[in-house]
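The chain contents come next:
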Number of protein chains: 2
Amino acid sequence: MDLKSLSQRLGLSMTTVSRALNGYEEVSEATRTRVMEAARENGYRPNPVARRLALGRAEAIGVVIPNPPGDFADPFFIELLAGMGSVFEAASLDLIVTAAPEGPAELPVYRRLVEGRRVDGLIVGRTRRHDERIEYLLDRDFPFVVHGRTTTSRPYAYLDMDNAQAFVTATERLIGLGHRRIALINAPAHLAFAAGRHDGYERALGAAAIAVDPSLVVVCDLSEQDGHRIALSLLDLPRPPTGILCANDTTALGAMRAVKSRGLVVGRDVSIIGYDDLPFAGHTDPPLTTMHQPIRPAGARIAEMLRARMSGTPPEELQEVWRPKLLLRGTDGPCTTAGGTAR
Amino acid sequence: MDLKSLSQRLGLSMTTVSRALNGYEEVSEATRTRVMEAARENGYRPNPVARRLALGRAEAIGVVIPNPPGDFADPFFIELLAGMGSVFEAASLDLIVTAAPEGPAELPVYRRLVEGRRVDGLIVGRTRRHDERIEYLLDRDFPFVVHGRTTTSRPYAYLDMDNAQAFVTATERLIGLGHRRIALINAPAHLAFAAGRHDGYERALGAAAIAVDPSLVVVCDLSEQDGHRIALSLLDLPRPPTGILCANDTTALGAMRAVKSRGLVVGRDVSIIGYDDLPFAGHTDPPLTTMHQPIRPAGARIAEMLRARMSGTPPEELQEVWRPKLLLRGTDGPCTTAGGTAR
DNA sequence: TACTATCTTCAAAGCGCTTTGAGAGTCAAT
DNA sequence: ATTGACTCTCAAAGCGCTTTGAAGATAGTA
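Residues numbered from 1 in each chain as written. Chains lettered and ligands numbered in written order. Predicted model: local features only at pLDDT ≥ 70, side-chain atom pairs only at ≥ 80, totals over all residues. Heavy atoms only, no water.

A. Broad picture of the interface of chain B and chain A. Taken residue by residue, the interface counts 52 residues in chain B and 52 residues in chain A. Carbon and sulfur atoms supply 59% of the area that chain B and chain A bury against each other, a total of about 4600 Å² over both sides. Linking chain B with chain A are eight salt bridges. In this structure, Arg112 of chain B and Glu89 of chain A form a salt bridge, with 3.6 Å as the shortest nitrogen-oxygen distance. Counting the contacts that link chain B with chain A gives eight residue pairs in polar contact (both at pLDDT 80 or more). Only α4 (48–55), α5 (76–90), β2 (94–100), α6 (106–115), α10 (224–235), α11 (249–261) and α12 (295–310) of chain B provide two or more residues apiece to the side of chain B that touches chain A. Of the residues forming the side of chain B that touches chain A, the biggest block, seven residues, is contributed by α5 of chain B. Here the side of chain B that touches chain A is built from residues that sort into 27 nonpolar, seven polar and 18 charged. (Contact = heavy atoms within 4.5 Å. Buried area = accessible area lost by both parts, 1.4 Å probe. Salt bridge = Lys/Arg side-chain N within 4 Å of Asp/Glu carboxyl O. Polar contact = N/O pair within 3.5 Å; in protein donor to acceptor, adjacent residues only side chain to side chain. Helix = DSSP H or I, 4+ residues; strand = E, 2+ residues; numbered from the N terminus. Nonpolar A, V, L, I, M, F, W, Y, C, P; charged D, E, K, R; others polar.)

B. Region of the structure containing the side chain of Arg309 of chain B. Residues and elements named next belong to chain B. Checked against the element boundaries, Arg309 lands in helix α12. Of the side chains bearing the opposite charge, Asp141 lies closest to the buried Arg309, which forms no salt bridge; the N-O distance is 4.3 Å. In terms of polar contacts, Arg309 uses its side chain to reach the backbone carbonyl oxygen of Thr313, at 3.0 Å. In this structure, Arg309 is in contact with Asp141, Pro143, Phe144, Ala157, Pro315 and Leu318, ignoring residues within four places of it in sequence. (Buried < 20%, exposed > 50% of the residue type's maximum accessible area, 1.4 Å probe, protein only. Lys, Arg positive; Asp, Glu negative; His and termini not counted.)

C. Structural view of the pairing of strand β4 (residues 144–147) of chain A. All names here are of chain A. Residues Phe144 and Val146 line one face of β4 and the alternating positions Val145 and His147 line the opposite face, and both faces are buried. In terms of strand pairing, strand β3 (residues 121–124) meets β4 through three bridges, oriented parallel. The partner of Leu122 across the bridge, within β4, is Phe144. Note that the unit made of β3, helix α7 (residues 132–140) and β4 has a crossover that is right-handed. Across three bridges, the pairing between β4 and strand β5 (residues 157–161) is parallel. Counted as the bridge partner of His147 is Leu159 from β5. (Pairing = 2+ DSSP bridges. Right-handed = clockwise from strand over helix to strand, strands pointing away.)

D. Seen up close, helix α9 (residues 192–207) of chain B. All names here are of chain B. Relative to the 22 Å expected for 16 residues at 1.5 Å per residue, α9 spans 24 Å between its end C-alpha atoms, a close match to the ideal helical length. When α9 is considered as a whole, its buried residues turn out to be Ala192, Ala194, Gly196, Arg197, Gly200, Tyr201, Ala204 and Leu205. Among the structural elements, α8 (163–176), β6 (182–186), β7 (217–219), β8 (243–246) and β9 (271–276) are those in contact with the buried residues of α9. A positive backbone phi angle near 60 degrees is found at Ala209, which sits one or two residues after α9. (Expected span 1.5 Å × (residues − 1).)

E. Quick look at the sheet that holds β9 of chain B. All names here are of chain B. Reading across from one edge, β7-β6-β8-β9-β10-β12 is the order of the six strands in this open sheet, with mixed pairing throughout. Edge positions in the sheet fall to β7 and β12 (325–327), since each of these pairs with one other strand and no more. Across the sheet, the mean angle separating the axes of adjacent strands is 20 degrees when strand polarity is ignored. The sheet contacts of α11 involve β6, β8, β9 and β10 (289–292), and relative to β9 the element is tilted by about 160 degrees. (Axes fitted to C-alpha atoms, helices over the stretch in contact; angles between N-to-C directions.)

F. Summary view of the environment of Phe280 of chain B. Here Phe280 of chain B is to be found in the loop between β9 and β10. In this structure, Phe280 of chain B is in contact with Leu253 and Phe280 of chain A together with Asp249, Thr250 and Leu253 of chain B, ignoring residues within four places of it in sequence.

G. Examining the domain arrangement of chain A more closely. All names here are of chain A. Entries for chain A in the domain assignment read domain 1 (3–46), domain 2 (60–161 + 295–322) and domain 3 (163–293 + 326–340). Here the C-alpha centre of domain 3 lies 30 Å away from the C-alpha centre of domain 2. Listed as interface residues are 11 residues of domain 2 and, on the opposing side, 11 residues of domain 3. When domain 2 packs against domain 3, the two sides together hide about 1100 Å² of surface, and 54% of this comes from carbon and sulfur. Looking only at domain 2, the three residues that lose the most surface to domain 3 are Arg129, Met161 and Ile295, adding up to 49% of its buried area. Across the contact surface, domain 2 and domain 3 share zero salt bridges. Classifying every residue of the side of domain 2 that touches domain 3 gives four nonpolar, one polar and six charged. (Domains from an automatic or database assignment.)

H. Examining the packing of aromatic side chains more closely. For the structure on display, the rule yields six aromatic pairs over all chains. A ring pair is formed by Tyr156 of chain A and Tyr158 of chain A, whose centres lie 5.4 Å apart and whose planes are at 50 degrees; its orientation type is tilted. Note on accessibility: Tyr156 of chain A and Tyr158 of chain A belong to one class, buried. Considering the side-chain rings of Phe280 of chain A and Phe280 of chain B, the 6.0 Å spacing of their centres and the 45 degrees angle between planes classify their relative orientation as tilted. (Phe/Tyr/Trp six-rings, centres within 6.5 Å; stacked < 30°, edge-to-face > 60°.)

I. Fine view of the relation of the copies chain B and chain A. When chain B is fitted onto chain A, the two copies agree to an RMSD of 0.1 Å after a turn of 180 degrees and an axial shift of 0.0 Å. Here the two chains are linked by the operation of a two-fold rotation axis. Looking at the interface residues of chain B, 100% of them are also at the interface in chain A, so both copies use one shared face. (Least-squares fit on C-alpha atoms with pLDDT ≥ 70 in both.)

J. Expanded view of the sheet that holds strand β10 (residues 289–292) of chain A. Residues and elements named next belong to chain A. Taking strand neighbours across the sheet as the criterion, the six strands line up as β7-β6-β8-β9-β10-β12 in an open arrangement whose pairing is mixed. Among the strands making up the open sheet, the edge pair consists of β7 (217–219) and β12 (325–327). Between one strand and the next, the sheet's axes are offset by a mean angle of 20 degrees, whatever the strand orientation. In this structure, strand β9 (residues 271–276) lies alongside β10, joined through four bridges in parallel fashion. Considered in β10, the bridge of Gly274 is made with Thr290. The strands touched by helix α11 (residues 249–261) within the sheet are β6 (182–186), β8 (243–246), β9 and β10, with β9 carrying the most contacts at an inclination of about 160 degrees.

K. Broad picture of the pattern of salt bridges. Overall, the coordinates contain 64 salt bridges over all chains when judged by the stated rule. Among the ionic pairs, Glu59 of chain B bridges to Arg51 of chain B, the shortest N-O distance being 3.2 Å. Residue classification places Arg51 of chain B among the partly exposed positions, given a relative accessible area of 32%. Where Glu135 of chain B meets Arg154 of chain B, a salt bridge forms, and the shortest distance between an N and an O atom there is 2.5 Å. Of the two residues, Glu135 of chain B sits in helix α7 (residues 132–140) while Arg154 of chain B sits in the loop between β4 (144–147) and β5 (157–161), which places them 19 residues apart along the sequence. Residue class for Glu135 of chain B comes out buried when judged on its relative accessible area of 18%. Linked by salt bridges that have partners in common, Glu102, Glu106, Arg126, Arg128, Asp131, Glu132 and Arg133 of chain A make up one network.

Right, here's the structure in full:
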């Protein structure tokens, strides 16, 4: 059933039927209801492709999921997708998902989407401190929303977590528990959120008049293995930390394994705080104290922001920072070591 | 740069340029290279929407991710997406992702994709024993590939894991370690793979002449919580099991927690085997023995199968069953209890 | 030279929708 | 009656591509 046969059946022109269906003023109420009814009865669905051609829009949104070639892709991405999905579905926008590894193959994927007119808007995730994807999109004045933040002089729309605040909170928690030697296992410096976390960590230490010990600040590739390796090296320090802040839950898992393998007890000898609150976090042994962020709502909000951006809202009005919440579970505890050193 | 201006610039008709670009025979080699070159120089990309309208295809594939309203969506789905992504990208097919919870809202999402001509093919996951999505697609003769299997009299394309074989293997492993009281925490019966797993379990027990004890076969909703609850009830049995086979790794996590909370040691007092090999599985304490399946390659293969199906390969030729591998880690061990009972 | 066979190229007709610019019909005011 | 102001409806022109059916150019044969 296409527009033509529907309008013939109704004895109306295609124009009138199309207008009735799309809510134009110039159609009388009577004809409109008549048309709507007939459309429903005949199961008429406008051909989206024809519609797009006429409108000159793609009626689609693009997301590129960053998948490290070897690793598992970040599981939280699917939650973000689910959150966005509901909003786009309601707006009958298609959500086009592509996978690309970080690196030289990444930008071409974005170009294909943008220059090939396959999408009307993009969502950018796993943001880097300097991010050429964002520069590219800004250059072309293409609508997009970033999950995270980057460094650029031009305004852009984003929804970010307050990483600095999160790590102030986490650090303060450990300080409040009596810890003085607190390590930070951070993400690689090129990722945007790493800087904020480092800031928060130093700020909280400063406020408590604790000197920053550079040997306690280390970078990890976000894998469990690397978290394990790095935590071991921290524990082998002459004066090892009694608390460890981790870049994410996966890293925290590795750190826990390291602590246990040294015969120490997590949450007693060494406190650990993660970040993300992945599904497994409540179920480790002991359950992981971590920073929780509402991922699905964030996805939904990002989708709404993108819709606003696409209909002309200036990027300055589309900038939000959400605060993760500290979720106390079992891996943090009072510092039990005199002098603030484990063992 | 559109086809018209490109052909004008070349002094050729749109027909010839279009044909040259799309590899038709009727164009001389000389013109073809001339056209190709000009297209590249001018950065010409055919408008996909116009192309689709003319061709009458959507050039897109649909996937619906099943997201339980409350829970985290299954993390392995993103791996499947990543696997499919590369294949579709190469074929320049768009991958359209929608989220829908299992239930009454699910089929309408499929109908919208199919009847709204938004996709040329679909991938169906989280297959149910009786699956109305599959019946619907078969009724309409719409191309699709199933991840899993279902019960229907009509042939359809699928890639499934050999669940029966997997659970034969897992069960035999425990039997080989001396276990006699082996529990099965299975998935809800309406999910397709549950039956196969139950079969495999019983088959292996039968082969070892061990009677099936119905009180050792229980159903779980696949969450950690439920796995924990059910494992506790198993351990409270008059004659508790010494080995537990779990429907998935998440359930296994819950079971491990239950065992520990009873003061028992996982892998010594009670052996546990999971299924999926999720990223965390190697990093639990002790590391989880589980069944591994190559998810990303499976996604890629499913994508290829769908392309074949869309170009006419009969479904009978597109049916594959892959064998998961048993990954021995630390949660299985010899039965230490005389009489085959824990404690 | 005329005529057919073969190779290249083209103009024009869709694909199914939206939208422009204009034409009918209605009614109150002149 | 005439005019103007609305209200409702329509035919036709795109949107940018593919493809059909036909024609022009070139070469081969009689």
